[in-house]
Amino acid sequence: MKRFSILAGCVLALAWATTLAHAAANAPLKVVSLSTVLSDLARNVGGDKVQVIELVKAGVDPHEFQPSPGDVQQVAGADVVLVSGKGLEGYLSRLEQSSGGGSGKFVDVGSGVGPSLRLKEDKKTVEDPHWWHSIANVKKAVGVVRDAFGKADPADGAAFAAAATAYSARLDALDKEIKLKVAELPREKRKLVTSHDAFQYFARDYGFRIYPIEGVSTEAQPSSKDVAELIETIKKQGVKAVFFENIENPKVVAAITQETGAKVGGELYADGLGAPDSDAATYEAMMRHNVTTIVNALK
Amino acid sequence: MRGQPWLRLLFVVLIFAALSVPVWRLTHPAPIAAAATPVAAESTPAPTTISLEVEVTFAGPPPTSFQLKEPGQTILQSGDVSGETTARATWHAHLPKEGVDLTFEAHWPDDAEQTAARIRVSFPTGQTVEKTFWARGAMAEILTVPASPGESPSP
Ligand SMILES: [Zn+2]
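The shown structure was predicted, so the numbers you read here are calculated from the model rather than taken from an experiment.

(A) Focus on the overall build of chain B. Across its full length, chain B carries two helices and eight strands. Tracing chain B from N to C terminus, the helices and strands come up as α-α-β-β-β-β-β-β-β-β. For chain B, the residues scored as buried account for 30% of the 155 residues in total. Taking the contacts inside chain B whose residues are at least 6 apart along the sequence as the reference set, 63% of them involve residues at least 24 apart. Of the roughly 9800 Å² of accessible surface on chain B, 59% is carried by carbon and sulfur atoms.

(B) Broad picture of the confidence of the model for chain A. With 90% of its residues at a pLDDT of at least 70, chain A reaches an overall mean of 89. Counting interchain partners and residues more than four positions distant, the pLDDT-below-50 stretch residues 6-23 of chain A has zero contacts.

(C) Representation of empty space enclosed by the protein. All names here are of chain A. Using the criterion set out here, one finds three cavities of 30 Å³ or more in the structure. Of the pockets and cavities examined, the largest cavity occupies roughly 50 Å³. Taken together, L34, S35, T36, V37, V56, P62, L88, W132, D271 and G272 make up the lining of the largest cavity. Residue composition of the lining of the largest cavity, grouped by class: six nonpolar, three polar and one charged.

(D) Spotlight on the packing of aromatic side chains. Residues and elements named next belong to chain A. This model, assessed by the stated rule, comprises ten aromatic pairs over all chains. Taking the centre distance of 5.3 Å and the plane angle of 40° together, the rings of F202 and F208 count as tilted. The exposure class of F208 is buried, given its relative accessible area of 3%. Taken together, the ring pairs connect F199, F202, Y206 and F208 into an aromatic cluster.

(E) Quick peek at the sheet that holds strand β4 (residues 106-108) of chain A. All names here are of chain A. Spatially, the four strands line up as an open sheet ordered β2-β1-β3-β4, and their pairing is parallel. Either end of the sheet is taken by a strand with one partner, and the two such strands are β2 (50-54) and β4. Taken pair by pair, the neighbouring strands of this sheet meet at an average axis angle of 25°, ignoring direction. As paired elements, strand β1 (residues 29-33) and β2 share five bridges and run parallel to each other. Residue pairing in the sheet places V32 in a bridge with I53 of β2.

(F) Looking closely at the nonpolar core. Residue and element names in this part refer to chain A. L82, F149, F208 and Y283 are the most contacted members of the largest nonpolar core, which has 56 residues in total. Listing elements by their share of this core, those giving two or more residues are β1, α2 (36-46), β3 (80-83), α5 (135-152), α6 (157-182), α7 (200-206), β9 (241-245) and α10 (283-298). Composition of this core by domain shows at least three residues from each of domain 1 (23-177) and domain 2 (184-298). Beyond its immediate stretch of four places on either side in the chain, L82 contacts V31, V32, S33, L34, L38, A42, V107, V109, V145 and F149.

The rules behind these values
- Residues numbered from 1 in each chain as written.
- Chains lettered and ligands numbered in written order.
- Predicted model: local features only at pLDDT ≥ 70, side-chain atom pairs only at ≥ 80, totals over all residues.
- Heavy atoms only, no water.
- Helix = DSSP H or I, 4+ residues; strand = E, 2+ residues; numbered from the N terminus.
- Buried < 20%, exposed > 50% of the residue type's maximum accessible area, 1.4 Å probe, protein only.
- Contact = heavy atoms within 4.5 Å.
- Areas by Shrake-Rupley, 256 points an atom, 1.4 Å probe, with all protein chains shown as cover.
- pLDDT = per-residue confidence, 0-100.
- 1 Å grid on protein atoms, 1.4 Å probe; cavity = no way out; pocket = protein on both sides within 12 Å on 5 of 7 lines; lining within 4 Å.
- Points joined across faces, edges and corners; volume = space filled by probe spheres on them.
- Nonpolar A, V, L, I, M, F, W, Y, C, P; charged D, E, K, R; others polar.
- Phe/Tyr/Trp six-rings, centres within 6.5 Å; stacked < 30°, edge-to-face > 60°.
- Pairing = 2+ DSSP bridges.
- Axes fitted to C-alpha atoms, helices over the stretch in contact; angles between N-to-C directions.
- Core = buried A, V, L, I, M, F, W, Y, C linked by side-chain atoms within 4.5 Å.
- Domains from an automatic or database assignment.

Written out as structure tokens, the structure reads:
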């Protein structure tokens, strides 16, 4: 009887361990994202095999975001942390230290999308962190996310690869759609006045010239001299419309339009996606919104 | 009349009066027009107008419909040719220094094989800008024509 009890105990323990192992194998990867664009890429590549936790949510300025103690805890318990990179997350080294680091779970997506554009700001040359406004860059980012997920969860590697391929095909179609939309706008009218300097990658890919009111970061406010110079440029270049951003204060834009006679072209999503109920809730929707707004206003 | 100096004087005065209006208009451009366009493109030079020869060649059966256009104007479309594998037109282009994007759209029957279309724009100098596109069923592509061939268009 004693032998039977020991045997039964062993069987029960084995069954419990098997159940636990099975549950662990089926548990979604816990992915923490530091950008709304990366959250969307993670959902498209990971599907139901990942649980995406957004630290930087829609409407939050990523240039000024600071993680809370609760955010640090989320990072500590994550399998993968997706970082936008190229200098966007000034708090990153502090976050890595305070969350206990983690063996390679921080994935710098921005460093995998190719060379950065470099821009002048306050007499310094800085990296332009807004790489997601180039679809070619986002296609590379999809590959980085796929590889990171496959490394953290090899059993689902094939599913991640298939989803990444399907999403990349959608991005190719989106790129074609945007090129055709932009072609409606004569090249000499592709002059974009925006709140801050976030659209240089977009400009490079689709033949625009950018006249930003602020610099690369939203932290530096424009001086009255900068604004006066920009007003002169807008008048000289015959720019038809000036755009404001979902996160920025539109007052400066309003002042410039009054001075120049240019109209307010509409709202652009510069630093991330829109809220879930907006027309820019996904990366594809955000790009469509921006391009349609720009082309229709400048035509 | 020859014997009436006051009549001759009156005649001269009338001619001067009649000419003064157009001369004044020529030398004094209407200020109202300038005020109505506060954001006029002061520094942008006028685009060069140039006659370019445009040729679209299909590798296989021509599409059931196609259109080659620049913003706001069609250059060549399927109604201009019928059943030909090559279509040609003269394009009176206004080329700014930034160049012009041409959009080419074509449709073939759903069961058509993959095919190609080549778009070639020839300058009076003999230089050409051309691109070949491949598609099955439908095609929508862009060809950028620079202000002068050999230069890449400036944004
Ligand atoms: Zn930004």
